[in-house]
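Observations on the three-dimensional arrangement
The residues making up each chain are set out below.
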2 protein chains.
Amino acid sequence: MDKLTIKTLAKELQLSVSTISKALRDSHEISAATKRKVLALAEQLNYSPNPYASSLRKRKSKTIGVVIPEVVNSFFSQAINGIESVAKEKGYHVLIYLTHENLDNEKAILKDFESGRVDGVLLSASRETINSTHISGLIKKDVPVIFFDRVFDDVETVKVITNDFESAYTATKHLITSGCKNPHFLSIISNLNIISNRIDGYKKALQEHHIKFSNSNIINCTTNWEHNYKLLLKKMQSSKKPDGILCSIENLSVLIYQVCEDLNIKIPDDLQIVSFSNLDTASFLNPPLTTVTQPAYEIGSVAAATLVKALEKKNFIIPNENIVIPSVLIKRKSTKNKILS
Amino acid sequence: MDKLTIKTLAKELQLSVSTISKALRDSHEISAATKRKVLALAEQLNYSPNPYASSLRKRKSKTIGVVIPEVVNSFFSQAINGIESVAKEKGYHVLIYLTHENLDNEKAILKDFESGRVDGVLLSASRETINSTHISGLIKKDVPVIFFDRVFDDVETVKVITNDFESAYTATKHLITSGCKNPHFLSIISNLNIISNRIDGYKKALQEHHIKFSNSNIINCTTNWEHNYKLLLKKMQSSKKPDGILCSIENLSVLIYQVCEDLNIKIPDDLQIVSFSNLDTASFLNPPLTTVTQPAYEIGSVAAATLVKALEKKNFIIPNENIVIPSVLIKRKSTKNKILS
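Basis of the calculations
- Residues numbered from 1 in each chain as written.
- Chains lettered and ligands numbered in written order.
- Predicted model: local features only at pLDDT ≥ 70, side-chain atom pairs only at ≥ 80, totals over all residues.
- Heavy atoms only, no water.
- Helix = DSSP H or I, 4+ residues; strand = E, 2+ residues; numbered from the N terminus.
- Buried < 20%, exposed > 50% of the residue type's maximum accessible area, 1.4 Å probe, protein only.
- Areas by Shrake-Rupley, 256 points an atom, 1.4 Å probe, with all protein chains shown as cover.
- Lys, Arg positive; Asp, Glu negative; His and termini not counted.
- Charge placed at Lys NZ, Arg CZ, Asp CG, Glu CD.
- Pairing = 2+ DSSP bridges.
- Axes fitted to C-alpha atoms, helices over the stretch in contact; angles between N-to-C directions.
- Contact = heavy atoms within 4.5 Å.
- Parallel < 35°, antiparallel > 145°, perpendicular 65-115°, else oblique.
- Left-handed = near helix turned anticlockwise from the far one by under 90°.
- Nonpolar A, V, L, I, M, F, W, Y, C, P; charged D, E, K, R; others polar.
- Buried area = accessible area lost by both parts, 1.4 Å probe.
- Salt bridge = Lys/Arg side-chain N within 4 Å of Asp/Glu carboxyl O.
- Expected span 1.5 Å × (residues − 1).
- 1 Å grid on protein atoms, 1.4 Å probe; cavity = no way out; pocket = protein on both sides within 12 Å on 5 of 7 lines; lining within 4 Å.
- Points joined across faces, edges and corners; volume = space filled by probe spheres on them.
- pLDDT = per-residue confidence, 0-100.
- Domains from an automatic or database assignment.

What follows covers the overall build of chain A. In terms of helices and strands, chain A carries 12 helices and 12 strands. With the principal axes as the frame, chain A shows a C-alpha extent of 80 × 45 × 35 Å. In chain A, which comprises 341 residues, the proportion classed as buried is 55%. Accessible surface for chain A amounts to roughly 15,300 Å². Of this, 51% is attributable to carbon and sulfur atoms. If you average the places of the 43 positive and of the 35 negative side-chain charges in chain A, the two averages end up 2 Å apart.

Quick look at the structure:
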């Protein structure tokens, strides 16, 4: 255990222990300037308040922290249900934390966990996350972290994922065999594995069918709906407009339907669409959406079961392994579903 | 502050303080039988562990607990975004707790809050919740609770709601003026205000148009998809089958589309549909779904802003009032949208 105490901070800043303690508790008795100084040093030295309470509660809070980018997404809401089914059976509380795809939020949440608020963590990284350095603090403090869906390979832990490369490959192949000559990839800018794996799968299918890949085949969206709408509108009016789209993010499929409606583009005649999506309504869209449906519930429940094992088995060492649960391509009427010779 | 301590429990049960303490911390040194005995008494006496830590942290955790039934629902995911927008600005963490529509879960979560895990609570009750007695413990301990959407009138606090009665009335009137002679109400069994208010609004519109109401007009679903599917299938094949449905729960609208597809019922020719729904995909369903769209984001942000005010203003007394933010009827092609004379 870390020997850094409140006294270390007091000595370093030449303040009383009581002042440091009050500053950390955000007391009104302490000036804002002093609070800033104390918090800055605490952060610099990686000091977590309340180590005593923390150790008392260690692995006793019976609480799992789930850190995800958002909930307006069927994948994550189904994954949560999978996590909760296991947690409930094993007597754990589940706390859900949203990063809103923001790396600073993710860092703040994980930092907060260092003081012992949760026994273990299930993490799906934000789209801004570029590496796993901010996770090391937790792991040093012996708080187990299991990744799911959006993972980083350099962290030695269990990662529960789906077969993103193969799924994107199969989906793109389906677009091509259904007649697409110019399938595009609609996604977000991100360093996430899931995105690069999907792009690689998409590229492999293009290569196999002798379709030349250029960077302009990748349409990169942001979190701003207006921006994305204009981007796609422009793309669909360009001379080299796509005749097929593999949509890598569930929420963007609604954007495509909107642009098609506004430009009077017929799906699937003028544009074929496949989306990574767990939308309940996929079958009832006009036309029904062909989807790569991910095993969201299973991914959540397997990740939770692994974490509970790590928390409850004495001397259990979390293996450094990928658990891959495959996705399923469900063909509906947004693609032509005919095999061209 | 409550004077009940761990010593009281020890004396009552004729056990050592150390045994009680270990039992409460779920130590492996204590037998299951003893743990049960200790926990039963703790519950009976309304004892929360760690009152010292609790008072230390009181209103200092900078954390808001959000308790909701589920996240597979656009209303709640949008409300969370509204809550988080305010919380972030004011420097609060948000913890999301799901009850899965289960009253025991809701009780356990609120009980857990009594030990000071959060500064204040935003609560939307489960469908099983029948009264607010389980909330009194929190309020006694001076943890502010603000209700949103699914509220109970007998708790003296702010309730942020939408105009359920008027919305259901307007939606039903829209069905009737579009030609429905036999509009039904699709919902869940529940004591929740939102359901009874919507039913009352529905009934008022029927009465105004001299359509006789009978209990069989209300179709009550459960949490079991299979059961609901069979129920609606049977209803739609009966002699007095509905020619219009006001769907009170977003997720049930997908069920109606499924049953219509399977029975080859044409929407809106054979059946007109309006649903309380914040679905992103409503416009792109086949046909596009007429919705009562709730101000979910605003309800969340107003509830959060009120809670933060209660937490930060000294001597602020939470008023006993309803804040009503109206919903909007968005007419799409699942209803005929013609005014009959």
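Residues and elements named next belong to chain B. Strand order in the open sheet formed by six strands is β7-β6-β8-β9-β10-β12, with mixed pairing between adjacent strands. Looking along the sheet, the strands with just one partner apiece sit at the ends: β7 (218-221) and β12 (328-330). Each strand axis lies, on average, 20° off the axis of its neighbour in the sheet, ignoring direction. Strand contacts of helix α10 (residues 225-237): β6 (183-188), β7 and β8 (244-247), with the helix running at about 160° to β7, the strand carrying the most contacts. Along the sheet, helix α11 (residues 250-263) contacts β6, β7, β8 and β9 (272-276); its crossing angle with β9, the most-contacted strand, is approximately 160°.

Any two packed helices are characterised by the angle at which their axes cross and by the distance between the axes. Residue and element names in this part refer to chain B. Running from amino to carboxyl end, α10 crosses α11 at an angle of 50°, the nearest separation of the two axes being 10 Å. By the angle between their axes, α10 is oblique relative to α11. Between α10 and α11 the crossing geometry is right-handed. Here α10 contributes W225, N228, Y229, L232, L233, M236 and Q237 to the contact with α11, which in turn contributes L252, V254, L255, I256, Q258, V259, D262 and L263. Taken together, the residues of the contact of α10 with α11 break down into 11 nonpolar, three polar and one charged.

Between chain A and chain B, the residue contacts involve 37 residues of the former and 37 residues of the latter. Summed over the three residues of chain A that lose the most area to chain B, namely I96(A), R117(A) and F284(A), the buried surface amounts to 18% of that side. At the junction of chain A and chain B, the tally comes to zero salt bridges. For the side of chain A that touches chain B, the elements supplying multiple residues, two or more each, are α4 (51-57), α5 (74-90), β2 (93-98), α6 (103-113) and α11 (250-263) of chain A. Considering each element in turn, the side of chain A that touches chain B owes the most residues, six residues, to β2(A). For the side of chain A that touches chain B, the class distribution of residues is 14 nonpolar, 12 polar and 11 charged.

All right, on to helix α8 (residues 164-177) of chain B then. All names here are of chain B. Given a rise of 1.5 Å per residue, 14 residues ought to cover 20 Å, and the 20 Å separating the end C-alpha atoms of α8 matches this to within 8%. Those residues of α8 not exposed but buried are D164, S167, A168, Y169, A171, T172, H174, L175 and I176. Turning to α8, the residues buried within the fold contact β6, α9 (193-208), β8, β9, β10 (290-293) and β12. Phi turns positive one or two residues past the end of α8, at G179, with a value near 115°.

What follows is about the layout of surface pockets. Here the second largest pocket is characterised by a volume of approximately 800 Å³. If you go around the second largest pocket, you meet 27 residues; those closest to its centre are E70(A), V72(A), N251(A), N81(B) and D280(B). Secondary-structure elements contributing two or more residues to the lining of the second largest pocket are α10 (225-237) and α11 of chain A together with α5 (74-90) and β10 of chain B. The element best represented in the lining of the second largest pocket is α11(A), accounting for three residues.

This next bit is on empty space enclosed by the protein. Within the structure shown, the criterion is met by three cavities of 30 Å³ or more. Approximately 340 Å³ is the volume found for the largest cavity. Lining the largest cavity are 26 residues, with S74(A), E250(A), L279(A), S74(B) and L279(B) positioned closest to its centre. Of all the secondary-structure elements, those providing two or more residues to the lining of the largest cavity are α5 and α11 of chain A together with α5 and α11 of chain B. Broken down by class, the residue content of the lining of the largest cavity amounts to eight nonpolar, 14 polar and four charged.

Here S77(A) is to be found in helix α5. Note on S77(A): relative accessible area 3%, which makes it buried.

Taken over all residues, the pLDDT of chain A has a mean of 88, while the share at 70 or more is 94%. Listed scores for the predicted complex are pTM 0.77 and ipTM 0.72.

Turning our eyes to something else, we now look at the domain arrangement of chain A. Residue and element names in this part refer to chain A. Partitioning chain A into structural domains gives domain 1 (6-47), domain 2 (61-162 + 296-326) and domain 3 (164-293). Using C-alpha coordinates to define each centre, domain 2 is positioned 29 Å away from domain 3. Across the domain 2 to domain 3 interface the summed buried area is about 1,400 Å²; carbon plus sulfur atoms make up 43%. Of all residues in domain 2, the largest losses of buried area upon contact with domain 3 belong to R127, R150 and T162, amounting jointly to 41% of the total for that side. Viewed at the interface, domain 3 and domain 2 are joined by zero salt bridges.

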